[in-house]
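# Coordinates in review
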Amino acid sequence: MIDSIYSSYSALNAATEKQGITSNNIANSTTPGYKSKRASQVDASGGGTYINSVNSNNTESYIIRTGNNLDLAINGRGYFKLDNGNSNIITRNGSFRIDENRQIVDNEGNVLFRLNGGLTNNEIRNINIDKEGNIYTGNRFLGRLEIVDKYGNTIPENNYEILSGYLEASNVDMTKELVDNLINLRYLQANAESFKTSDELIGTIVNLKG
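For the structure given in this document, a descriptive report is provided here. (Residues numbered from 1 in each chain as written. Predicted model: local features only at pLDDT ≥ 70, side-chain atom pairs only at ≥ 80, totals over all residues. Heavy atoms only, no water.)

## Some points on the environment of Arg-144
- Residue position: Arg-144 is located in strand 12 (residues 140-144).
- Judged by its relative accessible area of 33%, Arg-144 is partly exposed.
- Dropping the residues within four chain positions of it, Arg-144 is found in contact with Phe-113, Glu-132, Gly-133, Asn-134, Glu-157 and Tyr-160.
- In terms of polar contacts, Arg-144 uses its side chain to reach the backbone carbonyl oxygen of Glu-132, at 3.1 Å.
- For Arg-144, the side chain forms a polar contact with the side chain of Asn-134, separated by 3.1 Å. (Helix = DSSP H or I, 4+ residues; strand = E, 2+ residues; numbered from the N terminus. Buried < 20%, exposed > 50% of the residue type's maximum accessible area, 1.4 Å probe, protein only. Contact = heavy atoms within 4.5 Å. Polar contact = N/O pair within 3.5 Å; in protein donor to acceptor, adjacent residues only side chain to side chain.)

## Details of the side chain of Ser-10
- Residue placement: Ser-10 occurs in helix 1 (residues 2-27).
- Reaching out from Ser-10, the side chain makes a polar contact with the backbone nitrogen of Thr-49 at a distance of 3.0 Å.
- Residues contacting Ser-10, with those up to four places away along its chain left out, are Gly-48 and Thr-49.

## As for the layout of surface pockets
- Roughly 290 Å³ of internal volume is contained in the largest pocket.
- Surrounding the largest pocket, 16 residues form its lining, Thr-31, Thr-91, Asn-93, Asp-106 and Glu-108 being those nearest its centre.
- Elements represented by at least two residues in the lining of the largest pocket include exactly strand 5 (79-83) and strand 6 (88-91).
- Here the lining of the largest pocket gets three residues from one element, more than from any other, and that element is strand 6.
- For the lining of the largest pocket, the residue count by class is six nonpolar, six polar and four charged.
- When its volume is computed, the second largest pocket comes out at roughly 200 Å³.
- Of all elements in the fold, only helix 1, strand 1 (37-43) and helix 3 (174-209) reach the threshold of two or more residues within the lining of the second largest pocket.
- Considering each element in turn, the lining of the second largest pocket owes the most residues, four residues, to helix 3.
- Of the residues in the lining of the second largest pocket, the class split is four nonpolar, three polar and three charged. (1 Å grid on protein atoms, 1.4 Å probe; cavity = no way out; pocket = protein on both sides within 12 Å on 5 of 7 lines; lining within 4 Å. Points joined across faces, edges and corners; volume = space filled by probe spheres on them. Nonpolar A, V, L, I, M, F, W, Y, C, P; charged D, E, K, R; others polar.)

## With respect to the packing of aromatic side chains
- Here the structure, examined in full by the defined rule, presents two aromatic pairs.
- Arranged with centres 5.3 Å apart and planes meeting at 85°, the rings of Phe-80 and Phe-96 form a pair that is edge-to-face. Taken together, the positions of Phe-80 in strand 5 and Phe-96 in the loop between strand 6 and strand 7 (97-98) put the pair 16 residues apart, joining distant regions of the chain. In this structure, Phe-80 and Phe-96 share a single accessibility class: buried. (Phe/Tyr/Trp six-rings, centres within 6.5 Å; stacked < 30°, edge-to-face > 60°.)

## Examining the environment of Thr-137
- Locating Thr-137 in the fold gives a position in strand 11 (residues 134-137).
- Taking the C-alpha atoms as reference points, Thr-137 and Ile-124, separated by 13 residues in sequence, lie 7.1 Å from one another.
- Sequence-distant contacts of Thr-137, defined by excluding residues within four places in its chain, comprise Leu-119, Glu-123, Asn-126, Ile-127, Asn-128 and Leu-142.

## A few points about the sheet that holds strand 11
- Spatially, three strands are ordered 10-11-12 in an open sheet, and the strand pairing comes out antiparallel. Two strands close off the open sheet at either side, each with one partner strand: strand 10 (127-129) and strand 12. Strand-to-strand twist across the sheet, computed as the mean angle between neighbouring axes with direction ignored, equals 30°.
- Sheet topology note: the strand 11/strand 12 ladder contains four bridges and is antiparallel. If you follow Asn-134 over to strand 12, its bridge partner there is Arg-144. (Pairing = 2+ DSSP bridges. Axes fitted to C-alpha atoms, helices over the stretch in contact; angles between N-to-C directions.)

Structure (structure tokens):
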């Protein structure tokens with residue numbers, strides 16, 4: 001009886017964790033460059049079940065044209081390297097803007113590139129980035145983006161090209177996520193009912209002994 005309660009309880013925990021991952025995927029289905037996550041569930045040797053890993057689906061998604069020259073998509077391998085003030089983070093989300101400090105930043109203020117402080121407003125408005133990641137204003141070279149692998153190592157430029165005016169879409173498969181969501185809800189309900197039944201039986205046995 002105790003074993004059945006433990007099995008149901010561990011299954012409820014695993015299902016709750018999977019539900020959170022699926023919900024996060026659905027919430028980020030329109031986030032540029034987002035990579036969907038998938039949980040791996042296994043049975044424990046002593047009974048019960050648990051989530052042993054959460055992996056990202058790193059396949060590239062389709063490209064969307066936006067016309068904004070600071071929207072960038074990586075065609076090929078790699079990630080944009082951003083500075084959040086404390087450390088570097090990597091992302092495929094290429095939605096950038098120029099902030100009040102004249103830095104190229106993402107929507108959360110993480111810095112992709114720090115521009116020269118002596119640039120005029122007109123030069124700032126005419127920032128453009130070529131397919132190698134070189135940054136210009138007019139014909140004036142300002143620097144180059146660093147594209148890295150998942151470990152933060154710089155990737156040679158012949159392994160990718162930067163598409164200015166485009167964004168990579170999220171690779172979330174909404175049909176699969178909605179199906180997974182429904183299956184997981186049924187799994188949650190079944191194990192919740194099993195847990196409740198086992199708990200009631202133990203309560204009955206305790207009352208009889210009393």
